[in-house]
Amino acid sequence: MTVTLEVAEGVGTLRLDRPPMNALDVATQDRLKELAEEATRRDDVRAVVIYGGERVFAAGADIKEMQDMDHTAMVLRSRALQDSFTAVARIPKPVVAAITGYALGGGCELALCADYRIAADNAKLGQPEILLGLIPGAGGTQRLPRLVGPSKAKDLIFTGRQVKVDEALAIGLVDRVVPAAEVYEQAHAWAAKLAQGPAIALRAAKESVDTGLETDIDTGLAVERNWFAGLFATEDRETGMRSFVEEGPGKAKFR
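What comes next is a walk through the structure. (Residues numbered from 1 in each chain as written. Predicted model: local features only at pLDDT ≥ 70, side-chain atom pairs only at ≥ 80, totals over all residues. Heavy atoms only, no water.)

Here the focus is the state of the cysteines. Each disulfide consists of a covalent bond between the sulfur atoms of two cysteine residues. Taken as a whole and assessed by the stated rule, the structure comprises zero disulfides. Unpaired in terms of disulfides, Cys108 finds its nearest cysteine sulfur in Cys113, a separation of 10 Å. Judged by relative accessible area, which is 1%, Cys108 ranks as buried. (Disulfide = S-S within 2.5 Å. Buried < 20%, exposed > 50% of the residue type's maximum accessible area, 1.4 Å probe, protein only.)

All right, on to the environment of Gly160 then. With respect to the helices, strands and loops of the structure, Gly160 is situated in the loop between helix 6 (150-159) and strand 8 (162-164). Once the C-alpha coordinates of Gly160 and Leu132 are considered, the two residues, 28 residues apart in sequence, prove to be 9.4 Å apart. Those residues in contact with Gly160 that sit more than four places away from it in its chain are Gln127, Pro128, Ile130, Leu131 and Asp155. (Helix = DSSP H or I, 4+ residues; strand = E, 2+ residues; numbered from the N terminus. Contact = heavy atoms within 4.5 Å.)

Our next topic: the packing of helix 9 (residues 199-213) against helix 10 (residues 217-230). As a packed pair, helix 9 and helix 10 sit with axes 8 Å apart at the nearest point and diverge in direction by 170°. By the angle class used here, helix 9 and helix 10 are roughly antiparallel. Where helix 9 approaches helix 10, its residues Ile200, Ala204, Glu207, Ser208, Thr211 and Gly212 are matched on the opposing element by Gly220, Val223, Glu224 and Trp227. Per-class residue counts for the contact of helix 9 with helix 10 are four nonpolar, four polar and two charged. (Axes fitted to C-alpha atoms, helices over the stretch in contact; angles between N-to-C directions. Parallel < 35°, antiparallel > 145°, perpendicular 65-115°, else oblique. Nonpolar A, V, L, I, M, F, W, Y, C, P; charged D, E, K, R; others polar.)

Next up on the list: the pattern of salt bridges. Opposite charge on two side chains allows them to pair when their charged atoms are near. On inspection of all chains with the given rule, the structure shows 12 salt bridges. Between Arg42 and Asp44 there is a salt bridge, with the nearest N and O atoms lying 2.8 Å from each other. Looking at Arg42, the relative accessible area reads 27%, which means it is partly exposed. Across the pair Asp155 and Arg161 runs a salt bridge whose closest N-O atoms are separated by 2.7 Å. (Salt bridge = Lys/Arg side-chain N within 4 Å of Asp/Glu carboxyl O.)

Moving on to the sheet that holds strand 1 (residues 3-8). Spatially, the six strands line up as an open sheet ordered 1-2-3-4-6-9, and their pairing is mixed. Two strands close off the open sheet at either side, each with one partner strand: strand 1 and strand 9 (176-178). Taken over all neighbouring pairs, the strand axes of this sheet differ in orientation by 20° on average, direction set aside. Here strand 6 (residues 116-120) runs beside strand 9; their pairing, made up of three bridges, is parallel. Paired with Ala119 across the strands is Val177, a residue of strand 9. Across the sheet, helix 1 (residues 26-41) touches strand 1, strand 2 (11-16) and strand 3 (47-51), and the angle it forms with strand 1 is around 25°. (Pairing = 2+ DSSP bridges.)

Counting buried residues in strand 6 gives four out of five residues, a clear majority hidden from the surface. Where strand 4 (residues 95-99) meets strand 6, four bridges bridge the pair, whose relative direction is parallel. When the sheet's bridge partners are listed, Ile99 is paired in strand 6 with Ala119.

The subject of this paragraph is the environment of Phe57. Counting through the fold element by element, Phe57 comes out in the loop between strand 3 and helix 2 (63-67). Distance from Phe57 to Ala123, taken between C-alpha atoms, is 8.8 Å for residues 66 residues apart in sequence.

Let us now look at a nonpolar patch on the surface. On the surface, Ile63, Leu132 and Leu134 cluster together into a nonpolar patch covering about 260 Å² of accessible area. Along the chain, Leu132 falls in the loop between strand 7 (124-126) and helix 5 (140-148). Note on Leu132: relative accessible area 48%, which makes it partly exposed. (Patch = residues over 30% accessible without salt bridge, like charges linked within 9 Å, V, L, I, M, F, W, Y side chains within 5 Å. Areas by Shrake-Rupley, 256 points an atom, 1.4 Å probe, with all protein chains shown as cover.)

What follows concerns the nonpolar core. Ranked by internal contacts, the top residues of the largest apolar core, which has 59 residues, are Phe57, Ile99 and Leu173. Those residues in contact with Ile99, other than ones at most four positions away along the chain, are Phe57, Ala111, Arg117, Ile118, Ala119, Ala120, Ala123, Leu125, Val174 and Val183. (Core = buried A, V, L, I, M, F, W, Y, C linked by side-chain atoms within 4.5 Å.)

Quick look at the side chain of Arg31 now. Checked against the element boundaries, Arg31 lands in helix 1. Of the residues examined, Arg31 reaches a relative accessible area of 18% and is grouped as buried. Those residues in contact with Arg31 that lie beyond four places of it in its chain are Met1, Thr2 and Val3.

Looking now at helix 5. Among the residues of helix 5, those classed as buried are Gly140, Leu144 and Val148. Buried residues along helix 5 cover an arc of 20° about the axis, so they all sit on one side. Considering only its buried residues, helix 5 is in contact with helix 4 (106-112), helix 6 and helix 7 (165-171). Following helix 5 by one or two positions, Gly149 has its phi on the positive side, about 95°. (Arc of directions from axis to C-beta.)

Okay, structure coming up:
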């Protein structure tokens, strides 16, 4: 399998495994969608890590496969391509990308689908599709400007240049830089901590933020308001408030 899902401590690891560079061919895209949807459904998965292994996150699409596709073939395929990445972005649980080596093209777009990005100190990211006479097709023209702003996104997309982690951190493309040997460990620790939190409240927080970024503020506030009130019907809210009153903040143990 080119993508696997392994679960431990409430954390599901979506592991890309297509040596040598984890090129995202059609089969890998379809498998990624299938497992992202499985991670969404499974109650034992409370948070998710996306990981490509010690050497590389994902160096992009399978160019040899795409070279054989004409306009008609890509019209038929492009929606499925985007849907596979959107399935990751819409996992209603905290998702962290553990980025090692290259995260280019589709690899960068996959990292953009995470809520948080931890990168190795030798990682490189970018959207080099323009160098092939193309543009990003798996969400890069939409998710990248939402993350780093339109002018910085246009610079990366127009030039196709690769970004080292110091610049990626400065512009907000990644959130933390760690030694390469510690990337997965720290990503798993981030996810495992959140896996112990209130699952419905975390889902509400993620949906409220993501919806607000995609719509006007009044609609975003309505989503927030409805989730906020709705959480008063949950056991986690009772647990959290009771623990706060009886033991002080930060000591609640959620089921």
